[in-house]
Amino acid sequence: MSKKIELMVGFFLLAGIAAILMLGLKVANSQLGGNTDTYQLIAKFSNIGGLKVRSSVKVGGVVVGRVVSISLDDDFSPKVVMNINSDFNKFPDSSSVAILTSGLLGEQFIGLTPGFVDEETEILANGDLLEDTRSAMVLEDLIGQFLYGNSED
Amino acid sequence: MSVSDNIIEISAMNFSREDRIIYNDINLNVPRGKVTAIMGPSGIGKTTLLRLIGGQITPSSGSIKFNDQELVNIDRKSLFKARRKMGMLFQSGAMFTELSVFDNVAFPIREHTKLPESIIRKIVLMKLEAVGLRGAADLFPSELSGGMARRAALARAIALDPDLIMYDEPFTGQDPISMGVIVRLIRELNDALGVTSIVVSHDVDEVLSIADYVYIVANKTVIASGTPEELRQETAPQIVQFMQGRPDGPVPFHFPSDDYKKELFNHGN
Amino acid sequence: MAISSIQQMGRNSLSVIAGLGRAAFMLVGALKPSGRGVKLLPLLIKQLYVVGVQSLIIIVVSGLFIGMVLSLQGYTILVGYGAEQSLGQMVSLSLLRELGPVVSALLFAGRAGSALTAEIGLMKATEQLSSLEMMAIDPLHQIVAPRFWAGVISLPLLAAIFSAVGIIGGHLVGVDWLGVDSGAFWSVMQSSVEWQEDIVNGAIKSIIFAIVVTWIALHKGYDAVPTSEGISKATTSTVVQSSLAILGLDFVLTVVMFGS
């Protein structure tokens, strides 16, 4: 009687912990090791479109970090601060970032393209500014360009 | 410190509940080692008196002493310590429904002592034997009749060998046989264990047959006290009415009301 | 007339405040260390069984069905935008942020809360609580405390199980029946669900609901008028007040957690 109860309670607690683990690992895909180390990179865009805080930063589709803050700089250009996982700490300063969209209606994210490496390039470190940026595509601008044919870039 | 002859001393106690006065300046002593009965009509707060003695409720003023220790406004720890010396048999028995009879009786021992299980078993079986229920040790309270449940509860109340056992209406709702059993048990336990018993009841005959001393409580205070013999000689009309169970007398049959005819015929005004 | 209704209002609010005060005293009394820690463990296990294990079936079944319905409804809406790939995200976020904590708390209030109230009310009516008092055992420690902790431990676990089973139910309908790509289902979910933002916040909600529901249930039982009518009233008011408290608190917590 009492043994059965203890067994059932143990089973219940295990089931609860298993559910939490499943939510943590399978659903949220979080590394349960806690906060892994990150370093910050900064990029300025002329237009960030629908980018939000917590949007992901991807290299070739692999998530390497997240946007932590979006603000307006002194020259009225949007400034985006990204936290990059320190496992990925070998990006040269010739790398470029672009604001991309996953699918037609999907979320916007930052695509980071690692640049070339030669003697003059340095490795990006905490707080560095990415120079080469491409802003978000704004659908209205694209349509305007298409209709009036004033594409001069 | 000399131990006084009275295990309970209540003096000048007042108690009221929501503006209604239950006890007004009541004085009552319970002599050690005796069976003391507290009688009175229903609804005058006899059970309340037991709860006051047990410290479950606090009087508005006055003093209640148990073994010469003041119980009014005592801190919780000392109160709990005092309660270990009291046993109380509730009207319904108050058995823990999810425990067997054996575990019910063992419960206070397990809670308050660190005795090994083998000794607890012996104590429990002795207590159950005393109330004649050793054979029912493995039953659950729901499988017991009312009288048996009350006896089992009695075994639990005496589990820790208290100095004082309080019985709350022990005879109510019992058939004549189990009533006789409980009457005998109260007397026997009192004499065999050397405890003091307080019996609260309104069953005049049963109480008078076992009590050494009787208090009759009515009108918020003690209206008479004495040995059963003395009370039978009493001539005060209120006591005679209660002792003989007459429907009308100083305690009126009718609840206080307006004039009967007036209320019947003035209807509609 | 006006005066008497104002008086009535005053009396009602006074009795509400007095009730809150008694509830607070009860909880403080129950949670005060009693110095009998080891003896309480078996009681806690017993109550985990009554409160947790016995609520498991209703939680699993409801979670499964709610997950399946969410998935079906979500699919029919999302497919109109060609966004059925986001089904996993929709199902998991709805469950983790709202439905898991809220529905499991509502079910818990109906299943375990009402039972706790009735049990304690009945113990009061049959003088078991008084009898404990007279045995020099504090019923707050013996009866109330283990039930409180059992409730506070059980409900968050039940909510996690509810969400997990719900997501499996959503996968069952979305992927196995309606044909959404399994990889997309999980990956979109994984990229949108955040441990801190969604799972931890959902867990915080559910812990708060657990405290409130168990507290209400225990207080209603402990404070019940010890008659059969009083107990049935107390049981009803446990379910009503817990449900209202859950829904009201959920709004406040959602505003605080996800509002900005």
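Residues numbered from 1 in each chain as written. Chains lettered and ligands numbered in written order. Predicted model: local features only at pLDDT ≥ 70, side-chain atom pairs only at ≥ 80, totals over all residues. Heavy atoms only, no water.

### Points about the overall build of chain C
Next, step 1: When you go through chain C residue by residue, the secondary structure sums to nine helices and zero strands.
Next, step 2: Overall, chain C shows an N-to-C arrangement of helices and strands of α-α-α-α-α-α-α-α-α.
Next, step 3: Residue pairs in contact within chain C that sit at least 24 positions apart in sequence constitute 84% of those at least 6 positions apart.
Next, step 4: Approximately 11400 Å² of chain C is accessible, and the part contributed by carbon and sulfur atoms is 72%.
Next, step 5: Mean positive and mean negative side-chain charge positions of chain C (13 and 14 charges, respectively) differ by 16 Å. (Helix = DSSP H or I, 4+ residues; strand = E, 2+ residues; numbered from the N terminus. Contact = heavy atoms within 4.5 Å. Areas by Shrake-Rupley, 256 points an atom, 1.4 Å probe, with all protein chains shown as cover. Lys, Arg positive; Asp, Glu negative; His and termini not counted. Charge placed at Lys NZ, Arg CZ, Asp CG, Glu CD.)

### As for the interface of chain A and chain C
Next, step 1: Facing the 26 residues of chain A at the interface are 29 residues of chain C.
Next, step 2: Buried surface at the junction of chain A and chain C, both sides included, amounts to about 2300 Å², of which 80% is carbon and sulfur.
Next, step 3: Our count for the chain A to chain C interface comes out at one salt bridge.
Next, step 4: For Arg66 of chain A, the salt bridge is made with Glu194 of chain C, and the minimal N-O distance between the two is 3.3 Å.
Next, step 5: Across the chain A-chain C interface, the total number found is two residue pairs in polar contact (both at pLDDT 80 or more).
Next, step 6: For the side of chain A that touches chain C, the element with the highest residue contribution is helix α1 (residues 2–27) of chain A, accounting for 19 residues.
Next, step 7: Among the residues making up the side of chain A that touches chain C, the classes are represented as 17 nonpolar, four polar and five charged. (Buried area = accessible area lost by both parts, 1.4 Å probe. Salt bridge = Lys/Arg side-chain N within 4 Å of Asp/Glu carboxyl O. Polar contact = N/O pair within 3.5 Å; in protein donor to acceptor, adjacent residues only side chain to side chain. Nonpolar A, V, L, I, M, F, W, Y, C, P; charged D, E, K, R; others polar.)

### A look at the interface of chain C and chain B
Next, step 1: Across the contact, 17 residues belong to chain C and 26 residues belong to chain B.
Next, step 2: Buried surface at the junction of chain C and chain B, both sides included, amounts to about 1800 Å², of which 52% is carbon and sulfur.
Next, step 3: By the criterion of area lost to chain B, the three top residues of chain C are Glu127, Met134 and Met135 of chain C, representing 35% of everything that side buries.
Next, step 4: Between the two partners, chain C and chain B, sit four salt bridges.
Next, step 5: We note a salt bridge from Glu133 of chain C to Arg76 of chain B, for which the minimum N-O separation is 3.5 Å.
Next, step 6: The interface formed by chain C and chain B includes nine residue pairs in polar contact (both at pLDDT 80 or more).
Next, step 7: Listed by contribution, the elements that provide at least two residues to the side of chain C that touches chain B are α2 (37–52) and α5 (128–134) of chain C.
Next, step 8: Element by element, the count of residues in the side of chain C that touches chain B is highest for α5 of chain C, at six residues.

### Digging into the domain arrangement of chain A
Next, step 1: Taken domain by domain, chain A consists of domain 1 (1–33) and domain 2 (38–138).
Next, step 2: Taking only C-alpha atoms, the centre of domain 1 of chain A and the centre of domain 2 of chain A are 38 Å apart. (Domains from an automatic or database assignment.)

### Description of a negative patch on the surface
Residues and elements named next belong to chain A.
Next, step 1: Together, Asp93, Glu122, Glu131 and Asp132 give the surface a local cluster of negative charge.
Next, step 2: Along the polypeptide, Glu131 turns up in the loop between β7 (128–130) and β8 (132–134).
Next, step 3: Under the relative-accessibility criterion, Glu131 is labelled exposed at 66%. (Patch = residues over 30% accessible without salt bridge, like charges linked within 9 Å, V, L, I, M, F, W, Y side chains within 5 Å. Buried < 20%, exposed > 50% of the residue type's maximum accessible area, 1.4 Å probe, protein only.)

### Side note on the packing of helix α4 (residues 87–125) of chain C against helix α7 (residues 182–192) of chain C
Working note: a packed helix pair is described by the angle between its axes plus the distance between those axes.
Residues and elements named next belong to chain C.
Next, step 1: In contact at an axis separation of 7 Å, α4 and α7 are set at 50° when each is read in the N-to-C sense. With respect to α7, the axis of α4 lies oblique. Read as a crossing pair, α4 and α7 show a hand that is right-handed. On α7, the residues that touch Leu87, Gly88, Gln89, Ser92 and Leu93 of α4 are Phe185, Val188, Met189 and Ser192.
Next, step 2: Of the residues belonging to the contact of α4 with α7, the class tally is five nonpolar, four polar and no charged. (Axes fitted to C-alpha atoms, helices over the stretch in contact; angles between N-to-C directions. Parallel < 35°, antiparallel > 145°, perpendicular 65-115°, else oblique. Left-handed = near helix turned anticlockwise from the far one by under 90°.)

### Focus on a nonpolar patch on the surface
Next, step 1: A contiguous nonpolar patch, built from Met137, Leu139, Leu142, Ile143, Phe146, Leu147 and Tyr148 of chain A and spanning about 870 Å² of accessible area, is present on the exposed surface.
Next, step 2: Of the residues examined, Leu142 of chain A reaches a relative accessible area of 36% and is grouped as partly exposed.

### Some details on the sheet that holds strand β2 (residues 20–31) of chain B
All names here are of chain B.
Next, step 1: Strand order in this open sheet of four strands is β2-β1-β4-β5, and the pairing throughout is antiparallel. The outermost strands of the open sheet, each flanked by one partner alone, are β2 and β5 (69–70).
Next, step 2: Pairing of strand β4 (residues 61–66) with β5, which is carried by two bridges, proceeds in the antiparallel orientation. If you follow Lys65 over to β5, its bridge partner there is Glu70.
Next, step 3: Across the face of the sheet, helix α1 (residues 46–53) comes into contact with β1 (6–17), β2 and β4 while running at roughly 120° to β1. (Pairing = 2+ DSSP bridges.)

### Structural notes on helix α3 (residues 101–112) of chain B
What sets the pattern is the α-helix's 3.6 residues per turn: residues three or four places apart point alike.
Next, step 1: In terms of residue burial, α3 of chain B counts as a mostly covered element, since 10 of its 12 residues are buried.
Next, step 2: Of the positions making up α3 of chain B, those classed as buried are Val101, Phe102, Asn104, Val105, Ala106, Phe107, Pro108, Ile109, Glu111 and His112 of chain B.

### What about unusual backbone geometry?
Next, step 1: A positive phi angle, near 60°, is found at Phe76 of chain A, a position not held by glycine.
Next, step 2: When you line up the elements, Phe76 of chain A lands in the loop between β3 (62–72) and β4 (78–85).
Next, step 3: Under the relative-accessibility criterion, Phe76 of chain A is labelled exposed at 67%.
Next, step 4: Here the phi dihedral of Asp161 of chain B falls at roughly 50°; this positive angle occurs in a residue that is not glycine.
Next, step 5: Summarising the element assignment, Asp161 of chain B is placed in the loop between α5 (146–157) and β7 (164–168).

### Points about the packing of aromatic side chains
Next, step 1: The final tally for this structure, using the stated rule, is four aromatic pairs over all chains.
Next, step 2: With a centroid separation of 5.0 Å and an interplanar angle of 65°, the aromatic rings of Phe96 of chain B and Phe107 of chain B are classed as edge-to-face. Taken as a pair, Phe96 of chain B in the loop between β6 (86–89) and α3 and Phe107 of chain B in helix α3 lie far apart in primary sequence, 11 residues in all. In terms of burial, Phe96 of chain B and Phe107 of chain B fall into one category: buried.
Next, step 3: Taken together, a centroid distance of 5.6 Å and an interplanar angle of 90° make the contact between Phe185 of chain C and Trp186 of chain C edge-to-face.
Next, step 4: Sitting over the ring of Trp186 of chain C, Lys26 of chain A keeps its end group 4.6 Å from the ring centre.
Next, step 5: The lysine or arginine in question, Lys58 of chain A, covers the ring of Phe109 of chain A, its NZ or CZ lying 4.6 Å from the ring centre. (Phe/Tyr/Trp six-rings, centres within 6.5 Å; stacked < 30°, edge-to-face > 60°. Lys NZ or Arg CZ within 6 Å of the ring centre and 35° of its normal.)

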